[in-house]
Amino acid sequence: MAQGLKDVVVITGLGGMGLAIARRLGSGRHLVLADYAQDLLDRVAETLRSEGHHLDTVRVDVADAQSVANLAQHAAGLGTLRAVIHTAGVSPVQASPERVVQVDVLGTAHVLDAFLPFVSPGTVAVCIASMAGTMVPLPPEIEHALAVTPTDALAQLPLLDPTTLDPGAAYSIAKRANQLRVQAASLPWGRQGGRVVSVSPGVISTPMGQAELQSAHGDTMRHMVQASGTGRLGTPDDIASAVEFLISPQASFITGTDLLVDGGVVAGLRYGGQGEKA
């Protein structure tokens with residue numbers, strides 16, 4: 001099949017959400033799958049090819065700006081860049097604070113920077129953040145710095161000093177940074193006809209989510225889910241559905257913002273049973 005004839009969809013990170021999104025968005029498009037783990041990349045590619053999807057694979061370390069730039073160049077050479085879905089990240093049970101900053105903060109900034117030159121009317125980036133970022137109270141001046149500091153200086157911000165953070169704090173701040181970087185990036189992307197949105201999942205039943213549920217904070221997380229409006233874990237398909245909408249023409253007026261897809265956990269934490277007392 002000739003290259004360049006289909007819209008190109010890039011997906012970084014091939015965990016539960018990345019795979020579900022690839023299946024949802026891949027039909028009739030050219031998928032570019034990117035992950036740090038070559039064995040995972042190979043397994044997912046084999047599965048999706050067997051299901052009829054047309055795809056390329058690129059091993060990428062999103063913490064490395066050149067690695068992400070190479071990914072962007074490769075994807076742009078295949079056709080029209082339709083969407084970039086950035087799901088790659090690490091959780092507090094998987095990584096040190098330093099690695100959380102490198103992957104979850106700098107990784108998102110690198111993706112937004114690297115793909116900007118290839119944005120054309122209709123290109124959409126969706127960055128997966130987390131409900132954890134919604135619950136971090138930060139002063140306005142700190143939020144501004146996280147949003148607009150040039151990527152090569154971002155890790156030098158005092159707030160991101162890994163020696164002062166535990167993994168949980170690093171993760172929450174990183175995910176707030178993702179939401180803020182998306183807001184700022186919507187302006188240069190918009191000047192080229194593109195859009196940028198973040199999605200903040202709640203507790204999703206993926207391998208990463210299950211690892212968190214088995215951690216020391218698992219009981220707290222289960223209580224939050226039980227006290228939410230839906231009372232259930234999210235599924236990878238819940239996130240894929242949100243992403244599918246956000247890259248569609250029906251979402252053409254949505255950019256520079258975050259979509260919280262948490263089953264009502266944040267609302268439950270903020271307001272508890274107050275709504276039931278009226």
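Structure: above.
The residue count restarts for each chain, going from 1 along the sequence in the order it is written. Only residues with pLDDT of at least 70 get local features here, since the model is predicted, and only at 80 or more are side-chain atom pairs given and counted; chain-wide, interface and lining totals rely on the full set of residues. No hydrogens and no water enter the side-chain calculation; it runs on all heavy atoms of the structure.

(A) A look at the overall build of the protein. Along its length, the protein carries 12 helices and 7 strands. In summary, the protein has a C-alpha radius of gyration of 18 Å against a globular reference of 19 Å for 278 residues, a match within 12%. In terms of its C-alpha atoms, the protein occupies a principal-axis envelope of roughly 60 × 40 × 40 Å. When burial is assessed residue by residue, the protein has 50% of its 278 residues classed as buried. Contacts between residues were defined by any pair of non-hydrogen atoms, one from each residue, lying within 4.5 Å. Contacts in the protein between residues far apart in sequence, at least 24 positions, make up 75% of those at least 6 positions apart. Accessible surface, the protein: about 12400 Å² in total, of which carbon and sulfur atoms supply 54%. When charges are counted, neither His nor the chain ends are considered; positive counts come from Lys and Arg and negative counts from Asp and Glu. Charged side chains are reduced to one point each, which is NZ for Lys, CZ for Arg, CG for Asp and CD for Glu. Placing the 18 positive and 25 negative side-chain charges of the protein at their respective mean positions leaves the two points 6 Å apart. Labels follow the DSSP assignment, with helices taken as runs of H or I lasting at least four residues and strands as runs of E lasting at least two, numbered in each case from the N terminus. When we talk radius of gyration, it's over C-alpha atoms, and the globule rule is simply 2.2 Å times the number of residues to the 0.38. Residue exposure (1.4 Å probe, protein chains only): buried if accessible area is under 20% of the type maximum, exposed if over 50%, otherwise partly exposed. Each accessible area value is a Shrake-Rupley result obtained with a 1.4 Å probe; residue values ignore everything except the protein chains displayed when judging cover.

(B) Region of the structure containing the packing of helix H3 (residues 65-76) against helix H4 (residues 97-115). Whenever a helix is involved, its axis is fitted only over the stretch in contact; in every case the axis is a line through C-alpha atoms, and angles between N-to-C directions fall within 0 to 180 degrees. Relative orientation of the contacting elements H3 and H4 amounts to 40°, with a least axis distance of 9 Å. Between H3 and H4, the interaxial angle falls into the category oblique. Judged by the sense of rotation from one axis to the other, the crossing of H3 with H4 is right-handed. On H4, the residues that touch Ala65, Val68, Ala69, Leu71, Ala72 and Ala75 of H3 are His110, Val111, Ala114 and Phe115. Gly is put with the polar residues, along with every residue not named as nonpolar or charged; the nonpolar set is Ala, Val, Leu, Ile, Met, Phe, Trp, Tyr, Cys and Pro, and the charged set is Asp, Glu, Lys and Arg. Per-class residue counts for the contact of H3 with H4 are 9 nonpolar, 1 polar and no charged. When an angle is under 35 degrees it counts as roughly parallel; over 145 it counts as roughly antiparallel; between 65 and 115 it counts as roughly perpendicular; any other value is oblique. Here is the rule for handedness: rotate from the far helix to the near one, and if that takes an anticlockwise turn smaller than a right angle the crossing is left-handed, while a clockwise turn gives right-handed.

(C) How the structure looks around the pairing of strand S2 (residues 30-35). With respect to burial, S2 is a largely interior element, 6 of its 6 residues being buried. Here S2 shows a buried face lined by His30, Val32 and Ala34 and a second buried face lined by Leu31, Leu33 and Asp35. Should DSSP find at least two bridges between two strands, the strands are taken to pair. Bridge count for strand S1 (residues 7-12) against S2 is 5 bridges, and the pairing is parallel. Note on S2: the bridge partner recorded for threonine 12 is alanine 34. What joins S1 to S2 is helix H1 (residues 16-25), and the crossover it makes is right-handed. A clockwise path from the first strand over the helix to the second, with the strands pointing away from the viewer, defines a right-handed crossover.

(D) Structural view of the side chain of aspartate 104. Structurally, aspartate 104 can be placed in helix H4. Each reported salt bridge corresponds to a side-chain nitrogen of Lys or Arg within 4 Å of a carboxyl oxygen of Asp or Glu. Look at aspartate 104: it is buried, it has no salt bridge, and the nearest opposite charge is lysine 175 at 4.3 Å. Polar contacts here mean pairs of N or O atoms no more than 3.5 Å apart (in protein, one a potential hydrogen donor and the other a potential acceptor; neighbouring residues in sequence count only if both atoms are side-chain atoms). Within the structure, the side chain of aspartate 104 is placed 2.9 Å from the backbone nitrogen of valine 90, a separation counted as a polar contact.

(E) Layout of the packing of H1 against helix H11 (residues 236-246). Here H1 crosses H11 at 50°, and the two axes come no closer than 8 Å. One way to sum up the angle between H1 and H11 is to call them oblique. Judged by the twist between their axes, the crossing of H1 over H11 is right-handed. Residue-level inspection shows Gly16, Met17, Ala20, Ile21, Arg24 and Leu25 of H1 in contact with H11, the latter providing Pro236, Asp237, Ile239, Ala240, Ser241, Val243 and Glu244. Of the residues that constitute the contact of H1 with H11, the class distribution is 8 nonpolar, 2 polar and 3 charged.

(F) Layout of the environment of lysine 175. Inspection of the secondary structure puts lysine 175 in helix H8 (residues 167-191). Under the relative-accessibility criterion, lysine 175 is labelled buried at 5%. Each C-alpha atom of the pair lysine 175 and glutamine 156 lies 17 Å from the other, and the pair is 19 residues apart in sequence. Non-local contacts of lysine 175, meaning those with residues more than four positions away in its chain, are made with Asp104, Ile128, Ala129, Ser130 and Gly133.

(G) Molecular detail of the layout of surface pockets. There is about 220 Å³ of room inside the second largest pocket. Around the second largest pocket sit 14 residues that line it, and Asp113, Ala147, Arg181, Ala185 and Pro188 are the ones nearest its centre. Of the residues forming the lining of the second largest pocket, the biggest block, 5 residues, is contributed by H8. By residue class, the composition of the lining of the second largest pocket is 10 nonpolar, 2 polar and 2 charged. A cavity here means a set of 1 Å grid points, computed over protein atoms only, where a 1.4 Å probe fits but cannot escape. A pocket is an open set with protein on both sides within 12 Å along at least 5 of 7 lines, and lining residues have an atom within 4 Å of a point. Grid points are joined across faces, edges and corners, and a volume is the space filled by probe spheres set on the points.

(H) Structural context of the environment of valine 266. By the secondary structure assignment, valine 266 is in helix H12 (residues 265-271). Separated by 140 residues in the primary sequence, valine 266 and valine 126 place their C-alpha atoms 21 Å from one another.

(I) Quick look at the pattern of salt bridges. Per the stated rule, a full pass over the model turns up 7 salt bridges. With its nearest N and O atoms 3.1 Å apart, the salt bridge here joins glutamate 244 to arginine 24. With a gap of 220 residues between them, glutamate 244 in helix H11 and arginine 24 in helix H1 connect regions that are remote in the sequence. A salt bridge links arginine 232 to aspartate 238; its shortest N-O distance comes to 2.9 Å. On the accessibility criterion, arginine 232 (43% relative accessible area) is partly exposed. Using a relative accessible area of 24% as the deciding quantity, one classes aspartate 238 as partly exposed. Here the residues in one salt-bridge network are Arg24, Asp237 and Glu244, joined through shared partners.

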